[in-house]
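Summary of the model geometry
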Amino acid sequence: MKTTWRSALFFGALLCFCGCNLFMDDAKIVETSTVDTNSHDTGDDTGTDSGRDTGTETDTGSDSGSDTGEPQSPCVGVKCAEPQANECNGIDALDIFAVVGYCINGSCVYGERTEACESGACSGGVCVENPCQGVTCKTPPQPVCEGNALRVYAERGFCAENGQTAVCEYASMLFECPGSCANGVCVDEPCVGVVCDSPPARYCEDGHLYVFDTRGRCVEGQCRYASQDVECAAECGEGRCQGDDACRFVTCADSPANYCVNDTTLRVFETTGGCEAGVCYYRHNDMTCADGCAGGQCVGEPCAGVTCDQPPPPRCANNTSLQVWDGLTGVCEGGMCTYGTANAPCPAQCVEGVCEGSICTGVICNSPFAEYCSAGSLVSFDVPGACGVDGACTYDAVTLECSDTCAQGFCHVVSDTTVLKSSFFNVTSGSGRVSCENYQGWITAGGTLGSGTASSENYTVKLGVGGAQ
């Protein structure tokens, strides 16, 4: 397998050429709000990005969602971000469909994983005692004008319970537009509040695999994404080069939503996951809230568990300079993240979010493909990556030896542990989910994460410490 282009110079975090500002240099933050109390999403939040990316299923604009002029396949520009709703698998397990899929002949295909309900039964595609389990909140409300200000919602939401229903809620922030605001857009600055992190789906065409960068650039309020054309050594099918691992070129950046496990504990998911068999898995940590946990947040701490890793996309500030993220970690306020920006001078002109003659200016290659296991070792990717001649990011693969075992895209340290008999363990099939202190993981007879025999009260198993959700 090879790519049809070679890596060029990588531009890392940029200096603040003209001073650093918050998010967009012409928009003033005038208010933040902890939650979107009008959210009406229920169950697994699986819709498209409403108004935050392109607002459509395909990238609009002259490049049809790509910067490399690939063949006009039925999959060109198609976004696969509308998986079917979760389904029950038996009486106490949940089939969870991937948030992002790949494209075949214009149709989307999504992977799935099965997860046992942590407590209680499964009914109607929901773990009834924990309806937020398996829910992803990635469809914020569209930005709305409030006078000459624009209310923008967080790209990631959190999950709150309403009886036995999961509700996705989103923090919001109010920006004062430099001019007027109309139809959910700052008229003079249409890229204000836009997050470009929902690229077109990968697809195969004539033995080539087309893969898109996770982060795009903003052009007049629309997102565009660089892509790479991978020439497969064998055939290309099912969204990958045949013979490659199913996780190759898979990005895991759509973690489940944070939610309250009980009245005092917030479950926080890592925003990047590992991959196994083409499906993403995400680890979590349980955080104790000082004043309690309610509505998917620590009470009085809307920034608890929030990760600021979705910076604003590059855009032309004027005809001769490109506004870019300054590379510094974002700051959370009221549950919303703000970022510093800088204006980078272009050697010629700035056109459609790119400096002519310097296509890699403003490209930050820090969103690699998901790690995955291969022959007991972990395949990881060097960060930062390199920006290529077409402006797309490439990452060198590195194989790491795990000290014990590798599963679901993570190295696990295995220890012999005796755990209490679990109602989720099926004695007949010898598989299920157990809980041991802060660890929760799958037990499969003869499987990667552990095996054991049943006694009258307990199971002695091998557990991978720090396992994935």
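Reading the values: the criteria
Residues numbered from 1 in each chain as written. Predicted model: local features only at pLDDT ≥ 70, side-chain atom pairs only at ≥ 80, totals over all residues. Heavy atoms only, no water. Helix = DSSP H or I, 4+ residues; strand = E, 2+ residues; numbered from the N terminus. Areas by Shrake-Rupley, 256 points an atom, 1.4 Å probe, with all protein chains shown as cover. Pairing = 2+ DSSP bridges. Axes fitted to C-alpha atoms, helices over the stretch in contact; angles between N-to-C directions. Disulfide = S-S within 2.5 Å. Buried < 20%, exposed > 50% of the residue type's maximum accessible area, 1.4 Å probe, protein only. Salt bridge = Lys/Arg side-chain N within 4 Å of Asp/Glu carboxyl O. pLDDT = per-residue confidence, 0-100. Contact = heavy atoms within 4.5 Å.

What follows deals with the overall build of the chain. Regarding its fold elements, the chain presents zero helices and 49 strands. For the chain, the exposed area adds up to about 19,500 Å²; of that, 47% sits on carbon and sulfur atoms.

Here we come to the sheet that holds strand S28 (residues 274-276). Read across the sheet, five strands follow the order S29-S28-S40-S41-S44 without closing on themselves; strand pairing throughout is mixed. In this open sheet, the two edge strands, each paired with only one partner strand, are strand S29 (279-281) and strand S44 (397-401). In this sheet, neighbouring strand axes are inclined to one another by 35° on average, regardless of whether the strands run parallel or antiparallel. Relative to strand S40 (residues 371-374), S28 runs parallel, the two sharing two bridges. Residue pairing for S40: Cys-275 is matched across the bridge by Tyr-372.

Here S40 pairs with strand S41 (residues 377-381) via three bridges, running antiparallel. Across the sheet, the residue bridging to Tyr-372 is Val-379, located in S41. Here S40 folds back onto S41, and the loop between the two strands holds two residues, one of which, Ala-375, carries a positive phi near 55°.

The final tally for this structure, using the stated rule, is 24 disulfides. Paired through a disulfide, Cys-88 and Cys-122 show a sulfur-sulfur distance of 2.1 Å. On the sign convention where negative is left-handed, the bridge of Cys-88 and Cys-122, at about -85° about the S-S bond, is left-handed. Taken together, the residues span a long stretch of sequence, with Cys-88 in strand S5 (residues 87-88) and Cys-122 in strand S10 (residues 122-123) at a distance of 34 residues. The exposure class assigned to Cys-88 is partly exposed, which follows from its relative accessible area of 26%. Each disulfide pairs two cysteine sulfurs, and for Cys-196 the partner residue is Cys-223, the sulfurs being separated by 2.0 Å. Because the torsion about its S-S bond is -80°, the bridge between Cys-196 and Cys-223 counts as left-handed. Taken together, the residues Cys-196 in the loop between strand S18 (185-186) and strand S19 (203-205) and Cys-223 in strand S22 (residues 222-224) connect sequence positions 27 residues apart.

Applying the stated criterion to the full structure yields 10 salt bridges. Between Arg-113 and Glu-115 there is a salt bridge; the shortest N-O distance is 3.4 Å. Comparing Arg-113 with Glu-115 shows no difference in burial state: the two are buried. Note that Asp-254 and Lys-138 form a salt bridge whose closest N and O atoms lie 3.4 Å from each other.

We now examine the confidence of the model for the chain. A residue-level look at the chain finds 73% of positions with pLDDT of 70 or above and a mean pLDDT of 79. In the model, residues 1-71 has pLDDT below 50 throughout and makes 247 contacts with residues more than four positions away in sequence or in other chains.

This brings us to the pairing of strand S6 (residues 93-97). Across the five residues that make up S6, a large majority, five, are buried. The two faces of S6 match: Ala-93, Asp-95 and Phe-97 on one face and Leu-94 and Ile-96 on the other face are all buried. Sheet analysis places S5 next to S6, joined by two bridges and oriented antiparallel. Residue Glu-87 lies in a different strand from S6, and its bridge partner there is Asp-95. Linking S5 to S6, which pair antiparallel, is a turn of four residues; within it Gly-90 sits at a positive phi near 80°. In this structure, S6 lies alongside strand S9 (residues 112-116), joined through five bridges in antiparallel fashion. Bridge pairing in S9 links Asp-95 to Thr-114.

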